[in-house]
Structures are given as structure tokens and as C-alpha cells.
Amino acid sequence: MLINTVIFLPLVTALVLLCVPRTASGALKAIALAGAVATFVLSLTFMSLGVSTVADFTAPWIAGPWSAAYHVRVDALRLFFVLLTTLVSAVCVWAAFSYAQATRLRGFLFLLLTFETTLLGLFTAADLLLFYIYWDLMLIPVFLILSGYAGSDDARKAAWGYLIYNGAGGLVLLLGIIGLVNQTHTFEVSGLVPNLSGALSWWLFGAFAFAFAVKTPAFPFHSWMPATYTQSPPPLVAMVSGVQSKAGLFGLLAFALPLFPDAAHVWAPLLLVMAIASILYGALAAIGARDMKLLVAYSSLSHLGLVWLAFFAFSITSVSAGILMLISHGLIAAALFLLLGFIEERVGTRDLGAVGGLSQHAPRLAAYMLVAAMAALGLPGLSGFAGEFLILIGTWQTQPLYTSLALIAVVLACVYMLVLFQSLMHGPERLPRGAGPIELRPREMWLVAPLLAAIVFLGVWPGWLNDRTPNAVTAQPPAVSTTVGRHA
Amino acid sequence: MPGVPLADYLAVASALFAVGVIGFLLRRNPITMLMAIELMWNAGNLAFAAFARTFVDFSGQIFVFIVVTVAAAEAAIALAIVVMVFRRRRDVDVDEISELRG
Amino acid sequence: MEGFVATVPFTILFLPFFGMVLIALAGPYVPRLGAAIVGNLSVLGSFVLTAVLASYVWSLPPDQQVLTLKYPPAWATHPAYWAHIPPLTISFELRIDPLALMWMLIITGVGFLIHLYSIGYMQESKWYRTFFAYMNLFVFAMLMLVMAGNFLWLLVGWAGVGLASYLLIGFDADRMAAVLAARKALIMNVIGDVGIMVAIFLMYAHFGSLSYKVVFANVTSAGTSALDWIGIWLLVGAVAKSAQLPLHTWLPDAMEGPTPVSALIHAATMVTAGVYLIARAHPIYDHAPAAAMTVAVIGCASAFVAATIGMAQYDIKRVLAYSTMSQIGYMILAVGVGAYAAGTFHFVTHAFFKALLFMAAGIIIHNLGGEQDIRKMGGLAKRMPFAFLTFLIGTLAISGFFPFAGFFSKDAILDELQLLGHPWLWAFGSITALLTAYYMFRLVFMTFFTGAYRGDHEPHADRSPTMEVPVAILAVLATIGGWLVLPGHDEMSRLLQGAFGDRGILPTMGEINWFVTGVTTFSAAAGLVIAWWLYERAPQLRRRLATMFAPVQRVLANAYYIDTIYHWLFEVPTLTAASDIAKYVDPEGVGGVIAGVARTTTGLGDAMRGWETGYLRRYGLGMVVGMVLVLAYYIFVVHGGAAVGMR
């Protein structure tokens, strides 16, 4: 039952918010934050599970020719995705307090909390039907916030782009699921090895991979991303890039790779090219971006491309390191987008050319940005490096050529992160007229601090996470472990 | 009437149907058009009943009952719409009612 | 002793780190001097402990002088690893051996002196506390680099010093030149990091471990070509960090940082990390002849090229920067040919005299209100006698005059080159020695003599003991530091025996090869005389030569235009591609395809909208036609017309 409490506590909190008058902003904030933090604290209890045990809850749902169950689970694979969601969500709910239109704060918090429940549902779903339902449900809060709470025409346009693009991805995923369940006659596919013809599994894996590539996003399916990431309010973009972007790669690990191991190998050459294209294209686009949020958006494209590389290089090291990279990227992207949000709020622009020399007014902000930017550029000792290094050391063993290409992006990452950091923080002072005090306020410092602490912790001791995720990969027959053997 | 062959029933039904179609296409008064639709319903009903009798399968007759009830409901709704339209426009020429064009 | 060995290295490593944390947390709540004291004491503490540890290690027999420390210790019930994805295991481990100790002593010792110097030098800085925090971060990262017990932690320290270097080069963050120099330095250093990463990947592929112990013990199990590749990729890292060809262009720009930073990071310690890396990986280079030869050639070429550039520079710190590159070239050359002890020896003496030169130059710059152009100096010998005297000692040492420190170490390297049969490398090394003496004395003459003072504003000469005491100490060390290796008495090799065993300890260390020594001394003297002749005795001859060789002069002054070449070769294409992608390709190309799909869909919709006329009877007709068509299909196609008797 604990699982269900964790999944639905944010939703319940959101519903409670609706009973509070929208003018009582103090009460609204207190309730929302209490709910989000309580969810995080409760989810920490999953840490006691250990690697081989799972928290599991099943209830019969649909009988009949295509059976489905309400089946949720937290195991070694899902644990850190759940923790990432609850942590980032709590931080983002707190960050949302400074949302400009005070009278609409209630709706904003309501949607953020609802979004958290859909994310948690997705990461715990062990039944394919449930997974699919959450997959599409996720779109709704994001669409509503973008179209109704970001407050600009560009944002409304971005909302439609987001909805249509991701809706199309979801449709293809649905086709894939129907094609699969037509054979298995059940949506409960975890642990199942369906006996499919090669051609059918090729098509089905392709459908899954397409949907996942859209959601991540990966080049060339990322066109929804620039507008969505730049137009979203900071708490939303922190959740979308920090958590939601992991949904596709999580889906690969939890469903697509175990279900279609052979098809995955057939698709691998193409997907590796896609990964490398994402890595290099994202890095170059980030260097060229003049909009600070856009720069980080493209850097996400590059970093998550690395995880695609990790998964389809089929080495045990890189797949496990890919999970580390996903968690690490979630923390870093959330921290960066929140900090950039604070800056945008103060200076009123996202143009890198219009702002400069902030560190002179805001040494603390500069220090925070430094840690986040260095983590993103892969400085050893911070989590970004740990993920990157362990992925590449693994992929080098099976795909040295692609790894070499990915290493170019390590240098490019240094370029764009320095452009970001230095343009904002260093150089002669440039401030738009009428900008208020720049330094971080105590609330902002405290809310970003847990993310930075986690970044440092995972950078100094990634083995802590490694030791808690081994079964995530190896215990999934016949997913990656056996296919590696076949590969070698 | 044991001697009436199936083909005759069907001929009558076809004729009824053709009358309905022509009426539907040529008249501009919605009430007349509704009557034409009723003709087509009943052409179908006649065919159902004839087949049911010939093949001794009563599903056909059950269909007839369903069609009759649906036709009644349909006529009620359609007449209500016609009345509403008449109240607003003082005119019920279907060629004039084309606000829903794309 | 067990506990001592387990805790002392840890304390040495983390004292500067805690100093940094303390300064950062205390922030503006303590007076400026408090931050300086914390910074100084933490590094001094590290130095004292290092000295204690060193005396302990060197009291052991040579074959037991390698201490490997794993954290947590073996008796811990829950082993912890930095990374643990079986079969990949990377531990927290340190390795203390004579090689590491040599570097640790210099890092903490010279590091402390420069911390002390900074108390006065940075007095006017707005970010006084931050400066000490960054300097402590540097010392911590550099200690991590040399104390690491496997290549992962080496890389952590390696990148950590890169970060500290970046922060300190760009310390005056409101000057764009400093910001850009810092960016360049970090990007080039990251290229080096990538080189080391590739080497690590190769080592993991061949040895299944990153631990020095495992890798070096099994080095022969990999083939020569594999070892060559590992060596080459390590060299990429070394070249970037040590500012050797072709990744050297960041170092002259790095002189934008405050002078103590140049002295500590860009002269005495960080830039020598490449030498350390190659000396540390010597078991690999011992079995990788091609890689080792590449190392030697790159070192030799860098030494020579940097010396030629140094002859045509007018910024006092840039001349010193090129001389650093040149001297490190000597060290790389030495470790490349396998003379590890000689290379390490030159590192030690270089740390003394180069830190001395920078700090003496710092006093001059400080007193001239930030002026660095030697054309605007001159005649300073009388006005700043202390700076003159110490700078002169440094110059004599770097030029290789007996009995100053540089003489012994440079002579040792050139001796080894002769002995190991590299006459060409030796010849270039000797020519470089001449060039070194020439450009260094050119610097001395232009700064301190050549008539009267040429600057615009009067130099002030405030003397602060915190600045002069460390300089004086280094002057003494730059004088006597070479006496570790005296004829017939080779202390250096004895100290390093535990690290290199018999390899790298060559019999000529401490022997006098009169031919080599003669040539070296002659080169140095010739350089001195030429500089004196051209700058003091016959300036008109110098001007005549300058006009005659103006194109050469221009090429050298622009450092062979390498920066320009890189600009057009790498920077411009990358940035053009990047901005094209961000401006056009992504929004209109990739995004355009998607927008095209959307436009097609709406277009189709528009076209089909015409059919929706709103005329009820037309819809009816459509239905009838459709019905007829369906019927016709069934009658004529499916049943082939049988129903109407056509068959």
C-alpha cells in the first residue's frame, strides 16, 4: 500500500488545494509543500528495500482476452527514478511559490502536483496498459500549464506543439502495445519473453523506440523541445527536463529492451547513429544558442543522446552507468533551469548578450551556477562526470568509434557551459534597466541546495548508486545481460 | 399468402426504396424529406420481414422492431429540429439552411 | 605506525580543502586577514605533515617505499568503491611513493610561500577572501593529482587543477581579456582530459583495472602497439596541461591571472603535471618506445620553439610564460628518453627559480602600478634593488650558470641525452640553453638597465615583508637547490630510487661529463654576452639587425601565428556551424520538416473543406452515389456480375 500512498499523495494534496480559497496563498503554499515533501520522505523508505526485493502491489483490473492488472512496483530499476521524481517535484513545488500571478497560484500548484502523480505512476507501472495511460496523462498537466499559466502567445503555441508531437508519439506507442498484446493477450508483460516473429518484433520495437525518442527527445525528433523548454515557467521546465525526459529511456529499460532483445540489436546500428547525432548536434546547437534556456535545452539533447549510446552499445557497464547518468542529468538540468529561472525573473530577459557580470552582485548565485555548470560540463568529482565517464568506459569496449565521436562532445560541452556561465556571471557588468537585486534569496538557496548536494554526492561516490542498481539490469532476463553475451 | 415468392417482396421493397431516395433528393421541404426517409426505412423493414419468413430466422423480425423504434425516435428528434429552425427563421427550405458548410 | 600511515596522507590532502570550506563558509563574517591566515596555515600544515611523512618513507628501504592506501580500509565490513559495476571496480585509493612525495613537498612548500606572498600582493583586490579559497582549492586538487592511487583519481585531480586554474586566470572577472583567457585555458585542458580518458579506456580494455598497481604489474601483458597508443593518449593529456606543442597557446594568455597564480600554477606546479604523469606512467613508456620517442621529440621541439618566441616578447610575464614552456620542454624531453630522475630534478629546481622569477617580477609589476611592458621599464636596478637581486639570481639559475640550481639539473638532462645516444636532441637542447640565456638576460637588461626609467608614472617602492620573505627564501633555494646532485654525490637519485627502481636512475647523475658541461656553460655564457652586446653595448647594431630580420621578428612576436591558425582552423568553423545550426538548421531545417508535416495536414484539410457545402440534399446525393458504387462493386467485381446474369 505504501507504493500507492506515494503515487497518489501528490494528487490528494492537489485535490485538497482545491478546497482552499484561492486567496489564502499562505495556506496553499504550506499544504502543497507539505504534500510534496511528505511524498519525498515516504519515498525514501523504499531505500530500505535492498537490491533483490521489490515493493509490489497488484489488483485485478480487466479480465478477458486481453487481461490487464493494476500492477505497480518499486524495484532496483525503478527506485531511483521514483526518488528523482519526488525530490525534483518537491523542489519545484517550492520554487513555484514565486509564480507571478498570485491569484492563479492554486491552479499552478494543482497542476504541478498532478504532474508528479502521473510521473510517479509511470515510473512504478509494471503493467503495460497502466504505463500507457500514465504516458499520455503526463501530457495534460504540462499542456495546461504551458497554455494557461505561462502567459504568452509563444507559450500557447509551444503547448500545442508539445501536445501534438508527444500525442503522436503516444499514438505510435499505443500501436506498438496493441501489436504486442495481440500476441501475448495480456498487458502484464514484465518478465515475459513473447514468442514473436522477427519482422513483427522489429516493427513493435521500432514503434516503442519512436515514442521514446520523441519523449526524450532525441535528434531528429526534438522539434517540440526548444519552444517548450524556453517558454515553460521554471518549475515546469525543471520537471519536464529533469524527470519527464527520463520516461522514454526508462521505458526502454523496463519494457522495450526486455521484450524485444533481438529487435533491439537489429535496430541498434540506426539508434547508435541517432544517439551520436543527438550528442554532436545538441552540443553544436548549444554553442550557437543565444537564449540561456535554449542553450541548456540543447545541452540536454546532447547529454541524453549519451544515454541512448549507453543503452545501445550493449555493455553491462554502460547500461548501468546510463541509469546513473539519467539520475544525474535530472538533478543537473533541474538545478540549471531553476537557477536560470531566477535570473530571468530578475533581469527580464533570456538573452545571453543582454546580461553580464552578475557575479559582482551575486557571489552566491555565481557559486551555485558554477557548481551546476561544472557538473553539466562533466567536471570530475561531480555527478555529470561519473555518468559520462562510466558510460564511455563501457561503450569504448564495444563501440570505440562512436565513443570517440562522443568524446568530441565532452570538449564541446566545456565550450557551451563556459559560454553560459561566463556570459552571465563574468565580464563587464551589463544589466537591463530597472533590474532589482540579483543575489539569491534564502528560500531559493535552500531549495536548490538539495539538488547540488545530490550532484556532489553522486559525483564523489557514484558507487553508492551502482551498488543499489545492479539488478536493474542484470536481473531482467533476457534483456541486456544475455544479449551482451550473444554480442561478444 | 404462401404463394408470394421472395422476389416479389424484394421488388416492392426496391420500388419503395427508390421512391424514398428520389423524394429525399428532389424535395426541399424537410417534412417531406422525413417522409421519404420513412419510406426507405420501411423498404428495409419489408425486406427484413420477407427474408425472415423465407429463411425462418426471426432475427429479421427483431430487426424490424428495432428499426421501427429507432425510426420513431429519429422522426421525433428531426421534427423537433424542424420546429426549432422554423421558429428562428420562419422558413424551412433545406437549401437555405447551410450554416454548417466548411 | 599503521595509524600514522593511514591518517597522515589523508590529513595532508584534506587540510587545504577544509581551509577552503572554512573560508567559503565564513565569508564576509571574518576579517580579510582571517581568510588569508586560514589559507596560509592550512597549506603550511600540509607541508609540515608532508615533510614528516617524507622523512618516514625515506627511512624505509627503497623497495618498501611505495605505500598504497585504500579507503575504507580492508577491515571495513562494507567495502565502498568509487564506482562498482562488476566487472568494473574503481576504488578510493592513494599511493605515496618518492615520486609523489617529491611533488607534494614542492606543492605544499612553494605553495605556502606563494600563499604568504599573496597576503601582501592581493591587498587591493576586491575578492581577497575568494582568492585564498581558490588557491586552497588548487593545492587540494594538485595534491589529489599526485597522491592518487589510480588513474581515475589522477583524472579527478587533473581536472580539479584545471578548474582552479580556470577560476584564477579569470580572477579579475570584469576584464574580458581575463575571462577569455580563462575560457581558452579550460577548453584546452579539457582536450587534455579527454586524452587521459581515452588512455584510461584503453588501459581498462587491456588490464581490466585503473589501479597503478595492477596496470604497472601487468604492463607486459599488453602488446607494444597497445602500450604505444596508451602512451600517446596520456601524452595528449600531458601536452595540454604542460603547455607543450601543439596545445600550448593557453599558457601565455593565462598570464592574465594575478602574478601569484602565475607563479604557483602556471610555473611551479600545475604545468609540470604532464611531467609527473609521464614519470608516473613510466612502466608504460618503458615498454612503448614509439610513444616515449614522441614524448621526447615534443618536449624538445617545445623547448626550442618556446625559447625562440621568448626572444621577441615585450610583456615581462609572457617572456616568463614562454620560458616556462621551454623549461617544461626540457623536463618532458628528459622523461621521454627515460631519464626520469633528471626530469624530476629539473622540476624541483625549476619550481624554485621560476616561482622566484615570477614573484620578483610581481614585485616590479606591483610597484609600477600594474605595468608589464618591459619597453616601459628600464633602469630599475637602483630603484628596486631587492627585486633586481632576486630576479638576477633567478635568471642565473634558469640560464644554467654554476653554481645555481638550474645548472645542475639542466646539465643532468643534457648529460643523459648524450649518454642515451640522442645527439640531435642534445644539440637542440644545447641551442635552447643558449637562447634561454639570451632572452632571460635581454629581459634583465631591458628591465633593470638600458639607461633610465622609461615608464609614464613614477614607480613607488613600498616594501612589505610578507612579499619579500618568501622571495628571499626562494632566492636561497634557487641558489643551493641544485646541490642535491653534486659530483660523486647523487642525493636525488637516492631519493627517487624507491619510485623508479633502477630504470631512470642513470649512472651519469652526479658524474661530470666535461664535454657536455663545457658546452652547456659555454651556451649560457654566449647567451649572456650576446644579450649584453645587443642591449648594453651596441644598441644601434640591434636596431640594424631588427630591421634586417623584421619578418622573422614579426613571426616570433606573433608566436608563429599559431593562435591565428587555430582560430581559423577550429574556432571559426565550429562557431559558424554552431550558430548556423542554432539560427537556421534547427528552427527551419529540422523544425521545418515537422512544420511541413503540419502545413500539409492543414492544407489537405483546407482542400477537403470545400466539399462541406452545407446543402443537405447534396450530402444525400453523395450517400446515394456511394451506395450505388458499393453495390456495383459487390455485383460486378466480387460476384463477377453473376447476380445480374452476366456470367
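Note that the structure is predicted; figures quoted are calculated from it, not measured.

Visitor: Looking at this structure, how should I read the overall build of chain C?
Guide: A tally of helices and strands in chain C yields 26 helices and six strands. Taking 26 Å as the expected radius of gyration for a compact globule of 647 residues, we find that chain C reaches 32 Å, considerably beyond that expectation. Overall, the C-alpha framework of chain C stretches about 125 × 65 × 60 Å when taken along its three principal axes. Counting only residues that meet the buried cut, chain C has 53% of its 647 residues in that class. Restricting the contact set of chain C to residue pairs at least 6 apart, pairs at least 24 apart contribute 81%.

Visitor: Looking at this model, I keep getting lost on the overall build of chain B. Mind explaining?
Guide: A tally of regular secondary structure across chain B gives three helices and zero strands. The order of helices and strands in chain B, counted from the N terminus, is α-α-α. Taking 13 Å as the expected radius of gyration for a compact globule of 102 residues, we find that chain B reaches 17 Å, considerably beyond that expectation. Along the longest, intermediate and shortest principal axes, the C-alpha atoms of chain B span 50 × 25 × 25 Å.

Visitor: Mind showing me how you'd approach the interface of chain C and chain A here?
Guide: Where interface size is given, it is often the accessible area lost as the parts come together that is meant. On the side of chain A, 43 residues touch chain C, which itself brings 41 residues to the contact. Where the side of chain C that touches chain A is concerned, the elements lending two or more residues are strand E2 (83-85), helix H5 (151-169), helix H6 (176-207) and helix H25 (562-609) of chain C. Per-element tally for the side of chain C that touches chain A: the top contributor is H6 of chain C, with 14 residues. In terms of residue class, the side of chain C that touches chain A is built from 31 nonpolar, six polar and four charged.

Visitor: How do you make sense of the nonpolar core when you look at a structure like this?
Guide: Counting residues in each nonpolar core, the largest one holds 444 residues, and the members touching the most others are Leu309, Ala335 and Ala372 of chain A together with Ala355 and Leu356 of chain C. Counting residues per element, this core draws most heavily on helix H14 (residues 316-347) of chain A, at 21 residues. The residues contacting alanine 335 of chain A, other than those within four sequence positions of it, are Ala372, Val448, Leu451, Leu452 and Ile455 of chain A. Counting 11 residues, the second largest nonpolar core, distinct from the first, contains Val21, Ala36, Ala47 and Val64 of chain B.

Visitor: What is the right way to look at the interface of chain B and chain C in this model?
Guide: If you look at the interface, chain B gives 10 residues, while chain C gives 11 residues. Residues that form the side of chain B that touches chain C fall into these classes: five nonpolar, two polar and three charged.

Visitor: Sorry if this is basic, but what is going on with the packing of helix H13 (residues 292-312) of chain A against helix H17 (residues 400-425) of chain A here?
Guide: Two quantities define a packed helix pair, namely the angle between the axes and the distance from one axis to the other. Residues and elements named next belong to chain A. The geometry of H13 relative to H17 is characterised by a closest axis approach of 11 Å and an angle of 160° between their N-to-C directions. The angle between the axes of H13 and H17 places the two elements in the roughly antiparallel class. Crossing hand, H13 versus H17: left-handed. Listed contacts from H17 to Met292, Leu295, Ser299, Ser302, Leu306 and Leu309 of H13 are Tyr402, Ala406, Ala409, Ala413, Tyr416, Leu420 and Leu424. Here the contact of H13 with H17 is built from residues that sort into 11 nonpolar, two polar and no charged.

Visitor: Which parts of the structure should I look at to understand the arrangement of the chains?
Guide: For the two pairs of chains in contact, the maximum contact count is reached by chains A and C. With no contact formed, the shortest span from any C-alpha in chain A to any C-alpha in chain B equals 23 Å.

Visitor: Is there a simple way to think about the domain arrangement of chain C in this case?
Guide: Domain parsing of chain C yields domain 1 (1-203), domain 2 (350-550), domain 3 (558-612) and domain 4 (615-647). Each of domain 3 of chain C and domain 4 of chain C has a C-alpha centre, and these two points are 52 Å apart.

Visitor: How should the confidence of the model for chain C be read in this particular structure?
Guide: Overall, the prediction assigns chain C a mean pLDDT of 86, with 96% of residues at 70 or greater. Reported confidence for the predicted complex is 0.89 by ipTM and 0.86 by pTM.

Visitor: Where do I start with the pairing of strand E2 (residues 68-74) of chain A in this structure?
Guide: Residues in a regular strand point their side chains to alternate faces of the sheet. All names here are of chain A. Two strands pair when backbone bridges link them, and strand E1 (residues 55-62) and E2 are joined in this way by seven bridges, in the antiparallel orientation. In the strand pairing of E2, aspartate 56 is matched with arginine 73. Counting the residues between successive antiparallel strands, the hairpin from E1 to E2 contains five residues, one of them, glycine 64, with a positive phi of roughly 105°.

Visitor: How should I be thinking about the packing of helix H13 (residues 289-310) of chain C against helix H14 (residues 316-337) of chain C in this particular structure?
Guide: All names here are of chain C. For the pair H13 and H14, the least separation of the axes is 7 Å and the interaxial angle reads 160°. Classified by the interaxial angle, the pair formed by H13 and H14 is roughly antiparallel. In this structure, the crossing between H13 and H14 has a hand that is left-handed. Seen from H13, the contacting residues are Ala292, Val295, Ala296, Ile298, Gly299, Cys300, Ser302, Ala303, Ala306, Ala307, Ile309 and Gly310; seen from H14, they are Val319, Tyr322, Ser323, Met325, Ser326, Gly329, Tyr330, Ile332, Leu333, Val335, Gly336 and Val337. Considered class by class, the residues forming the contact of H13 with H14 number 17 nonpolar, seven polar and no charged.

Visitor: Hey, could you run me through the environment of isoleucine 133 of chain A in this one?
Guide: Within the secondary structure, isoleucine 133 of chain A is located in helix H5 (residues 128-137). As a C-alpha pair, isoleucine 133 of chain A and glycine 35 of chain A span 98 residues in sequence and 24 Å in three-dimensional space.

Visitor: What am I meant to see in helix H16 (residues 383-398) of chain A here?
Guide: Each α-helix winds once per 3.6 residues, and so residues spaced three or four apart point in a common direction. Between its first and last C-alpha, H16 of chain A extends 24 Å over 16 residues, near the 22 Å set by a 1.5 Å rise per residue. Among the 16 residues in H16 of chain A, 15 count as buried, and that is most of the element.

Visitor: Just checking my understanding: could you explain unusual backbone geometry for this structure?
Guide: Glycine aside, negative phi is the norm for most residues, and most peptide bonds take the trans geometry. Cis peptide bonds are those with omega within 30 degrees of zero, and the linkage from phenylalanine 219 of chain A to proline 220 of chain A qualifies with 0°. By the secondary structure assignment, proline 220 of chain A is in the loop between helix H8 (198-215) and helix H9 (224-231). Note that the residue after phenylalanine 402 of chain C, namely proline 403 of chain C, is joined by a cis bond; omega there is 0°. Considering the arrangement of structural elements, one finds proline 403 of chain C in the loop between helix H17 (385-399) and helix H18 (405-419). Although it is not a glycine, phenylalanine 314 of chain A sits at a positive phi angle of roughly 55°. Residue placement: phenylalanine 314 of chain A occurs in the loop between H13 and H14. Positive phi, normally seen in glycine, also occurs at valine 56 of chain B, with a value near 50°.

Calculation rules
Residues numbered from 1 in each chain as written. Chains lettered and ligands numbered in written order. Predicted model: local features only at pLDDT ≥ 70, side-chain atom pairs only at ≥ 80, totals over all residues. Helix = DSSP H or I, 4+ residues; strand = E, 2+ residues; numbered from the N terminus. Rg over C-alpha atoms; globule rule 2.2 N^0.38 Å. Buried ≥ 20, exposed ≤ 12 C-beta atoms within 10 Å, placed from the backbone. Contact = placed C-beta atoms within 7 Å. Nonpolar A, V, L, I, M, F, W, Y, C, P; charged D, E, K, R; others polar. Core = buried A, V, L, I, M, F, W, Y, C linked by C-beta atoms within 7 Å. Axes fitted to C-alpha atoms, helices over the stretch in contact; angles between N-to-C directions. Parallel < 35°, antiparallel > 145°, perpendicular 65-115°, else oblique. Left-handed = near helix turned anticlockwise from the far one by under 90°. Domains from an automatic or database assignment. pLDDT = per-residue confidence, 0-100. Pairing = 2+ DSSP bridges. Expected span 1.5 Å × (residues − 1).

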